[in-house]
Amino acid sequence: MLTFGLPKDSVFQDIPLGNHLSVRIEYNGAYLSRPYCVIHSTPQSIEFLVKYENGKMSQYLKQMKVGDYLEMTGPQGDFTYTKGKYDELLMIAGGTGIAPMIRILRHILADHSDRAITKLLYANKSDEIPFREELTRIHLNPVNRTQVTFVISTQNVKPEPLGGASPSVIQSDVISSEILKRVFPSLCNPSPFNSTQVLICGPPEMEMGIRGDLKRIGFNVEENCFTFTVKGSKGEVNQEANLLEEHKPKQAQENNLNQDKDQQQHTQNQEKEQAIKKPVEPQDCCGSCCPNCVYFQYLDQLSDYLKKTGSTEPIENTISDLNISPGLKAFLIMESKFKK
Ligand SMILES: Cc1cc2nc3c(=O)[nH]c(=O)nc-3n(C[C@H](O)[C@H](O)[C@H](O)COP(=O)(O)OP(=O)(O)OC[C@H]3O[C@@H](n4cnc5c(N)ncnc54)[C@H](O)[C@@H]3O)c2cc1C
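A brief look at the structure comes next. Since the structure is predicted, the reported quantities are computational estimates derived from the model, not experimental observations.

Topic: the side chain of Glu88
Phase 1: Note that Glu88 resides in strand E7 (residues 88-94).
Phase 2: Within the structure, the side chain of Glu88 is placed 3.0 Å from the side chain of Thr196, a separation counted as a polar contact.
Phase 3: Beyond its immediate chain neighbours, meaning those up to four positions away, Glu88 contacts Ile117, Lys119, Ser186, Ser195, Thr196 and Gln197.

This is how it looks when you write it as structure tokens:
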């Protein structure tokens, strides 16, 4: 968890529940930005729950020391919790996907006039569950009207039955449709008088899988389900964040123009590239590995574009920068090798 102090009169004093901020750093002479959900926000500070992966931003955040500064933009996000809008809130989180959920939960529970029923299904790989104590306290407090269920994928975990006093613990590698139906019976039996909203936050594969399961169960995902991280759904990171991503700082571009001949040639190539329109990354991949996936068409357009612009840049580099799952990246790289 990282806490950042805010400057006086900061624009981030009132971050809507469920929104995220885009964190920006300079990385190898280019800007790199990544979104992070806000877990706690006061006029003086904000908190993030960050999983340190092997990626660029994770490594940068990991080496930060107390007193270091970080650039942020936002807030962004298409979901905001509004009191009275939902009778029942079904939250499904995986790992750090708990970030927006815990903030919304705390807010609802602090307001005794908010009558929304909240249920949380929280999946983790190990039984080191972030906020386990707090979530257990929330579950055990009868005033809270909140049910918490943990899903843990390690084998040596002690399962707790559904409906017991403690939060239930289910041992499973995935949140299956069976688990969804068992933990959230109202999904199969929606009341015409109650509005149920599902929120999902976790790795993109998990979000897409659960959306698919909910559709198969017959739940109206288009209207009543929000995914926080999957691109192309209502949870898409907004354009501003995408535009910031990994483009050269302006000053660096200006300096480049004054460099040697090779560099001028490079600049001319860049201009040529811009004249031939670069294909736009698809926004509507459903993630279910269709044989006619939109990313296959994109791959063809991209290799055509690189040929026309005379670029020597390996197509793998562009694929590596795409905002898709590591599995799909590996698959596209393999496809591009077959096409060569
Ligand atoms: C709306 C939204 C909200 C989010 N909120 C949060 C949040 O609250 N907390 C949070 O932790 N994350 C959150 N994320 C994810 C976050 O934005 C980043 O995507 C994540 O931190 C990884 O970024 P990165 O630059 O470290 O990884 P990237 O460099 O983008 O790498 C992507 C993946 O490839 C793997 N990888 C990269 N390089 C290597 C390597 N050399 N060896 C092996 N594997 C490698 C990484 O482990 C990572 O899984 C959110 C995402 C979205 C879209």
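That covers the picture; the talk isn't over yet.
Section: the packing of aromatic side chains
Phase 1: Per the counting criterion, the structure on display carries nine aromatic pairs.
Phase 2: Here the aromatic rings of Tyr36 and Phe48 are separated by 6.1 Å at their centres, their planes lie at 55°, and the arrangement is tilted. Placement of Tyr36 in strand E3 (residues 30-37) and of Phe48 in strand E5 (residues 45-48) is noted, with a sequence separation of 12 residues between them.
Phase 3: Through successive ring pairs, a cluster of aromatic residues spans Phe79, Tyr81, Tyr86, Phe226 and Phe228.
Phase 4: Its guanidinium or amino end placed over the ring of Tyr31, Arg24 lies 3.7 Å from that ring's centre, counting from NZ or CZ.

A few points about the sheet that holds strand E2 (residues 20-27)
Within a beta sheet, neighbouring strands are joined by backbone hydrogen bonds and run either parallel or antiparallel to one another.
Phase 1: The antiparallel open sheet is built from three strands, whose spatial order is E3-E2-E6. In this open sheet, the two strands that pair with only one neighbour each are E3 and strand E6 (71-76). Here the average twist between neighbouring strands, direction ignored, is 25°.
Phase 2: In this sheet, E3 lies alongside E2 in antiparallel orientation, the contact comprising eight bridges. Across the sheet, Ser22 pairs through a bridge with Pro35, a residue of E3.

Some points on the nonpolar core
Phase 1: Of all hydrophobic cores here, the largest spans 34 residues; its most connected members are Tyr81, Ile98, Met101, Ile104, Leu120, Leu135 and Leu199.
Phase 2: Looking at this core, the elements that each hand over two or more residues are E7, helix H2 (98-110), strand E8 (117-124), helix H3 (132-140), strand E9 (146-152) and strand E11 (196-201).
Phase 3: Looking at this core, the element that brings in the most residues is H2, giving eight residues.
Phase 4: Taken together, domain 1 (2-76 + 237-244) and domain 2 (88-227) each give at least three residues to this core, which thus spans both.
Phase 5: Excluding residues that lie within four positions of it along the chain, Ile104 makes contacts with Leu17, Gly18, Phe79, Tyr81, Leu89, Met91 and Leu199.
Phase 6: Leu121, Ile170, Ile179 and Ile210 belong to the second largest nonpolar core, which has 20 residues in total.

Topic: the site of the ligand
Phase 1: If you check the shell around the ligand, you find 19 residues, and the closest are Pro35, Tyr36, Leu49, Glu53 and Ser58.
Phase 2: Within the side chain of Arg34, an N or O atom sits 2.9 Å from an oxygen atom of the ligand.
Phase 3: Interatomic distance of 3.2 Å between a backbone N/O atom of Asn54 and an oxygen atom of the ligand.
Phase 4: In the complex, the protein chains occlude 69% of the 970 Å² of accessible area that the ligand would expose alone.
Phase 5: Secondary structure elements with two or more residues in the shell around the ligand: E3 and helix H1 (56-62).
Phase 6: In terms of residues, the shell around the ligand owes the most to one element, E3, which gives four residues.
Phase 7: The class makeup of the residues in the shell around the ligand is nine nonpolar, six polar and four charged.

Examining the pattern of salt bridges
Phase 1: One pass over the full model with this rule turns up eight salt bridges.
Phase 2: Note that Glu178 is salt-bridged to Lys181, the shortest N-O span being 3.5 Å. Residue Glu178 and its partner Lys181 are located together in helix H4 (residues 177-183), separated by three residues, close to a single helical turn.

Rules used in this analysis
Residues numbered from 1 in each chain as written. Predicted model: local features only at pLDDT ≥ 70, side-chain atom pairs only at ≥ 80, totals over all residues. Heavy atoms only, no water. Helix = DSSP H or I, 4+ residues; strand = E, 2+ residues; numbered from the N terminus. Polar contact = N/O pair within 3.5 Å; in protein donor to acceptor, adjacent residues only side chain to side chain. Contact = heavy atoms within 4.5 Å. Phe/Tyr/Trp six-rings, centres within 6.5 Å; stacked < 30°, edge-to-face > 60°. Lys NZ or Arg CZ within 6 Å of the ring centre and 35° of its normal. Pairing = 2+ DSSP bridges. Axes fitted to C-alpha atoms, helices over the stretch in contact; angles between N-to-C directions. Core = buried A, V, L, I, M, F, W, Y, C linked by side-chain atoms within 4.5 Å. Buried < 20%, exposed > 50% of the residue type's maximum accessible area, 1.4 Å probe, protein only. Domains from an automatic or database assignment. Near = heavy atom within 4 Å. Areas by Shrake-Rupley, 256 points an atom, 1.4 Å probe, with all protein chains shown as cover. Nonpolar A, V, L, I, M, F, W, Y, C, P; charged D, E, K, R; others polar. Salt bridge = Lys/Arg side-chain N within 4 Å of Asp/Glu carboxyl O.

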